[in-house]
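# A structural walkthrough
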Amino acid sequence: SNSAEITAMIWAGQLLAELKPELLAYSGLGATFFGICGGAMRLWGDRLRSQFGDVRVVVSGLALATLGFMVIGVKPGFTVSVIAFAGVGGGLGFVFPYLFALAGKQAPGKRAAAMGFASAISGGPRFVMPLLSGLVPTWYSIATIFAFSLLLTFATLFMILLILQSRNSRPGKALLVN
């Protein structure tokens with residue numbers, strides 16, 4: 001999710017400037033708005049986690065981000081794209097902190113080690129995305145980098161959840177589902 005956040009923030013201004021060239025001077029506000037939406041979701045996160053559980057919050061956030069990425073990919077116009085970026089920012093705002101909360105919950109006596117493990121798994125995409133976020137739009141289009149970052153985010157999340165689920169399914173451990 002961190003890689004998708006970085007990609008969205010890097011390319012938001014470029015895409016919005018492409019959609020509305022006369023607002024080029026304000027194109028950086030797309031990244032600002034994206035960041036505000038993500039931050040707002042993180043502020044409300046603990047309340048949502050206690051109400052719905054970590055896994056449901058992460059899945060809902062990814063669904064919202066997916067919808068936002070799909071809308072951005074078809075370039076529906078400036079206003080709708082701004083709303084879609086808000087959806088991506090808000091949706092991804094749920095994901096990153098809660099994966100770390102889930103990791104810490106898995107090993108209460110070794111929270112730092114569990115969070116380090118989650119960081120190590122998510123490190124691959126964070127290493128690859130800066131390079132690809134320049135190459136992919138050059139080879140194809142800006143919309144393609146949003147689709148690519150979404151696929152990478154899902155692959156990372158799937159891998160983390162698989163590992164956590166396999167650890168939790170050992171005898172004497174509770175399942176991850178809450």
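Residues numbered from 1 in each chain as written. Predicted model: local features only at pLDDT ≥ 70, side-chain atom pairs only at ≥ 80, totals over all residues. Heavy atoms only, no water.

The helix and strand tally for the chain stands at 6 helices and 0 strands. Secondary structure of the chain in N-to-C order comes out as α-α-α-α-α-α. Across the 178 residues that make up the chain, the buried fraction comes to 44%. (Helix = DSSP H or I, 4+ residues; strand = E, 2+ residues; numbered from the N terminus. Buried < 20%, exposed > 50% of the residue type's maximum accessible area, 1.4 Å probe, protein only.)

Moving on, we get to the nonpolar core. One finds Phe-69, Ile-72, Phe-85, Val-88, Leu-92 and Phe-146 to be the most contacted residues of the largest nonpolar core, which totals 33 residues. The leading source of residues in this core is helix H4 (residues 78-106), at 9 residues. Excluding its chain neighbours within four sequence positions, the residues that come into contact with Phe-85 are Ala-8, Ala-12, Leu-15, Leu-16, Phe-34, Ile-72 and Phe-146. (Core = buried A, V, L, I, M, F, W, Y, C linked by side-chain atoms within 4.5 Å. Contact = heavy atoms within 4.5 Å.)

Its 20 residues give helix H3 (residues 54-73) an end-to-end C-alpha distance of 28 Å, which sits within 8% of 28 Å, the value for a rise of 1.5 Å per residue. Looking at H3, one finds that the buried residues are Asp-54, Val-55, Val-57, Val-58, Gly-61, Leu-62, Ala-65, Thr-66, Gly-68, Phe-69 and Ile-72. Phi for Lys-75, located one or two positions after H3, is positive at around 45 degrees. (Expected span 1.5 Å × (residues − 1).)

So, about the confidence of the model for the chain. Averaged over all residues, the pLDDT of the chain is 75; the fraction at 70 or higher stands at 84%. When pLDDT is averaged over each helix and strand of the chain, the minimum, 73, is found for helix H6 (residues 142-168) and the maximum, 81, for H3. Contacts of residues 174-178 to residues separated by more than four positions or lying in other chains number 17 contacts, the stretch itself having pLDDT below 50. (pLDDT = per-residue confidence, 0-100.)

We now examine H4. Between its first and last C-alpha atoms H4 spans 42 Å; for 29 residues at 1.5 Å apiece the expected length is 42 Å, and the two agree. Most pronounced at Tyr-98, the bend in H4 amounts to some 25 degrees. (Bend = angle between axes of the 7 residues up to and from the residue.)

Moving on, we come to a nonpolar patch on the surface. Taken together, the side chains of Leu-131, Leu-135, Trp-139 and Tyr-140 make up a nonpolar region of the molecular surface, amounting to roughly 490 Å² of accessible area. Checked against the element boundaries, Tyr-140 lands in the loop between helix H5 (111-139) and H6. For Tyr-140, a relative accessible area of 60% puts it in the exposed group. (Patch = residues over 30% accessible without salt bridge, like charges linked within 9 Å, V, L, I, M, F, W, Y side chains within 5 Å. Areas by Shrake-Rupley, 256 points an atom, 1.4 Å probe, with all protein chains shown as cover. Salt bridge = Lys/Arg side-chain N within 4 Å of Asp/Glu carboxyl O.)

This part is about the packing of H3 against H4. Across the interface, H3 lies against H4 with an axial gap of 7 Å and an inter-helix angle of 150 degrees. As far as their axial angle goes, H4 and H3 are roughly antiparallel. Here H3 runs over H4; the crossing is left-handed. A class-by-class count of the residues in the contact of H3 with H4 yields 18 nonpolar, 6 polar and 2 charged. (Axes fitted to C-alpha atoms, helices over the stretch in contact; angles between N-to-C directions. Parallel < 35°, antiparallel > 145°, perpendicular 65-115°, else oblique. Left-handed = near helix turned anticlockwise from the far one by under 90°. Nonpolar A, V, L, I, M, F, W, Y, C, P; charged D, E, K, R; others polar.)

For the coordinates displayed, the defined rule picks out 1 salt bridge. In this structure, the salt-bridge partner of Glu-22 is Lys-20, at a minimum N-O distance of 3.7 Å. Judged by its relative accessible area of 30%, Lys-20 is partly exposed.

This paragraph deals with the environment of Ala-4. Tracing the backbone through its elements, the reader meets Ala-4 in helix H1 (residues 2-19). A C-alpha to C-alpha distance of 8.3 Å links Ala-4 and Met-129, two positions 125 residues apart in sequence.

Along the polypeptide, Ala-65 turns up in helix H3. By relative accessible area, Ala-65 is classed as buried at 0%. With 29 residues separating them along the chain, Ala-65 and Phe-94 place their C-alpha atoms 9.7 Å apart.

So, on to the side chain of Ser-81. Tracing the backbone through its elements, the reader meets Ser-81 in helix H4. Residue Ser-81 is classed as buried on the basis of its relative accessible area of 0%. Those residues in contact with Ser-81, other than ones at most four positions away along the chain, are Leu-16, Leu-19, Ile-72 and Pro-76.

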